[in-house]
Structure formats: C-alpha cells, structure tokens
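# Summary of structural features
Each chain is listed here by its residues.
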Amino acid sequence: MSVQVNTALQHRITEYFNRHKQNDDQEDLARRAVADHEQRYNKCMHMLQAKQNEMVHLTEDFERHIAMACEEVKHRQLAVEDYWENYLGLRTATSLRSVSFRTGKLMQQRELDELHAAEQRKDEDLQMIRLAHIRMRNKLKKQEAQLKEEEKLGDGGDLHVIDFEQLKIENQTFSEKIEERNDVC
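In this report, the structure presented in the accompanying data block is examined. (Residues numbered from 1 in each chain as written. Predicted model: local features only at pLDDT ≥ 70, side-chain atom pairs only at ≥ 80, totals over all residues. Heavy atoms only, no water.)

This brings us to the overall build of the protein chain. Within the protein chain, the secondary structure is distributed over three helices and zero strands. For the protein chain, the N- to C-terminal ordering of α and β elements is α-α-α. The buried share among the 185 residues of the protein chain stands at 7%. Taking the intrachain contacts of the protein chain between residues at least 6 apart in sequence as the baseline, contacts between residues at least 24 apart amount to 50%. In the form shown here, the protein chain has an accessible surface area of approximately 16700 Å², with 57% of it arising from carbon and sulfur atoms. (Helix = DSSP H or I, 4+ residues; strand = E, 2+ residues; numbered from the N terminus. Buried < 20%, exposed > 50% of the residue type's maximum accessible area, 1.4 Å probe, protein only. Contact = heavy atoms within 4.5 Å. Areas by Shrake-Rupley, 256 points an atom, 1.4 Å probe, with all protein chains shown as cover.)

Here is the structure:
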C-alpha cells in the first residue's frame, strides 16, 4: 500500500503543481498582454504627438507663406496703383495737348473728364460682364459634371430621355450666352 499511496500522493502533487503552473502561466500571459497593450498604447500616443507636432509646424509654415504672399500682393498692388496713376497723369497731360481734327483746337478739361467718365463706366461694365461670364462658366461646369454623373447612373437613375434632351438644350443655351459674352468682351 505504501507504494500505491506514494504514487497517488506524487500524482496529486504533480496535479497541484500543474494547476499552479497554469495559473502562473495565465497570470504571466495576462501581465504580458497588459504590458503589450500599454506598450502599443504608448507607441500610438507618441506617434499621435509626433503627428500633432508635425501638423503644428506645417500650419505655421503655411501661415508664414500665406503672410509672405499677402505682403507680396500688397507690394505689387501698390506698384500697380503707382504705375496706373503715372499712366493716368501722362494720358491726361497728353490729351490736354492734343488737337481736335474737326475744330483744330486743344481739348478742354471738360471733354477729357467726359471721356474718362465714359471709359470708367465701360471698365465697370466689363468687370460685371467678366464676373457674370465666370459665374456662368462655373455653372456650366457644374451642370456638365451633374450630367455626367447622371449618365453614369444610366438606366437605374431617374434620368430619362426627355430630361437628357432638356439638359442638352440648356447646355447649348449657356454655351451660346458664353460665346456672346466673349464676343462682347
């Protein structure tokens, strides 16, 4: 009996140690998993911080470039205005010294002012027409893109032959308007 009892006790001790070893292994795995998660979390946080710092630096660089570009635009605008004023002065001086073909007399300041006012009105009209042209061109591009998108939908979409023809007519109308504006300009 002592050999059997001894064997049984050894078997029970082996089971006991195996259970403790499994518990220890599970605890060790849990600790490793927690450590791995913490390590991955820290790595992600460092990457996030690095990207945020990079974004801050890029934002500062872009803002600096924008500020420099704005300053350059201001300087060029001032230079253009200066050249424009010089041009107007030269044009006025030249116009006042010019002689009319019909009368043979020098041009009066009143006539010059009327010509400048008419020219200014025409410039303003031209600016308005250009803006309208740009708006119509953008609207046309938008409608063309919308038409292409609807064409992609094909039979599954709500676009019917009548709708397509209507859009085609509108597109042609806008194209004609744009050509008219271009001819006017």
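After that view, the rundown keeps rolling.
The next thing to look at is a negative patch on the surface. Together, Glu-176, Glu-179, Glu-180 and Asp-183 make up a negatively charged patch on the protein surface. Secondary-structure assignment places Asp-183 in helix 3 (residues 161-184). By relative accessible area, Asp-183 is classed as exposed at 67%. (Patch = residues over 30% accessible without salt bridge, like charges linked within 9 Å, V, L, I, M, F, W, Y side chains within 5 Å. Salt bridge = Lys/Arg side-chain N within 4 Å of Asp/Glu carboxyl O. Lys, Arg positive; Asp, Glu negative; His and termini not counted. Charge placed at Lys NZ, Arg CZ, Asp CG, Glu CD.)

The next thing to look at is empty space enclosed by the protein. Overall, the coordinates contain one cavity of 30 Å³ or more when judged by the stated rule. Looking at the largest cavity, its volume works out to about 70 Å³. Lining the largest cavity we find Leu-140, Gln-143, Glu-144, Gln-146, Leu-147, Leu-167, Glu-170 and Asn-171. When residues of the lining of the largest cavity are traced back to their parent elements, those giving at least two are helix 2 (109-153) and helix 3. If you tally residues by element for the lining of the largest cavity, the top one is helix 2, at five residues. In terms of residue class, the lining of the largest cavity is made up of three nonpolar, three polar and two charged. (1 Å grid on protein atoms, 1.4 Å probe; cavity = no way out; pocket = protein on both sides within 12 Å on 5 of 7 lines; lining within 4 Å. Points joined across faces, edges and corners; volume = space filled by probe spheres on them. Nonpolar A, V, L, I, M, F, W, Y, C, P; charged D, E, K, R; others polar.)

Moving on, we come to the side chain of Ser-95. Structurally, the position occupied by Ser-95 is in helix 1 (residues 2-97). You can call Ser-95 buried: its relative accessible area is 16%. Other than its neighbours up to four places away in sequence, Ser-95 contacts Met-107 and Leu-112.

Moving on to a positive patch on the surface. A contiguous patch of positive charge, built from Lys-139, Lys-142, Lys-177 and Arg-181, is present on the exposed surface. Of all the secondary structure elements, the ones that give two or more residues to the positive patch are helix 2 and helix 3. Assessed through its relative accessible area of 34%, Arg-181 is described here as partly exposed.

Here helix 2 spans 66 Å end to end across 45 residues, near enough to the 66 Å set by a 1.5 Å rise per residue. Leu-112, His-116, Ile-129, His-133, Met-136, Leu-140 and Leu-147 are the residues of helix 2 that are buried. (Expected span 1.5 Å × (residues − 1).)

So, about the pattern of salt bridges. According to the stated counting rule, one finds six salt bridges in the structure shown. A salt bridge links Arg-64 to Asp-61; the nearest nitrogen and oxygen atoms lie 2.4 Å apart. With Arg-64 and Asp-61 both in helix 1, this residue pair falls three residues apart, about one helical turn. Arg-110 is the salt-bridge partner of Glu-114, the closest N and O atoms lying 3.5 Å from each other. One end of the pair, Glu-114, and the other, Arg-110, are both in helix 2, four residues apart, so they sit about a helical turn from each other. Given a relative accessible area of 54%, Arg-110 falls into the exposed group.

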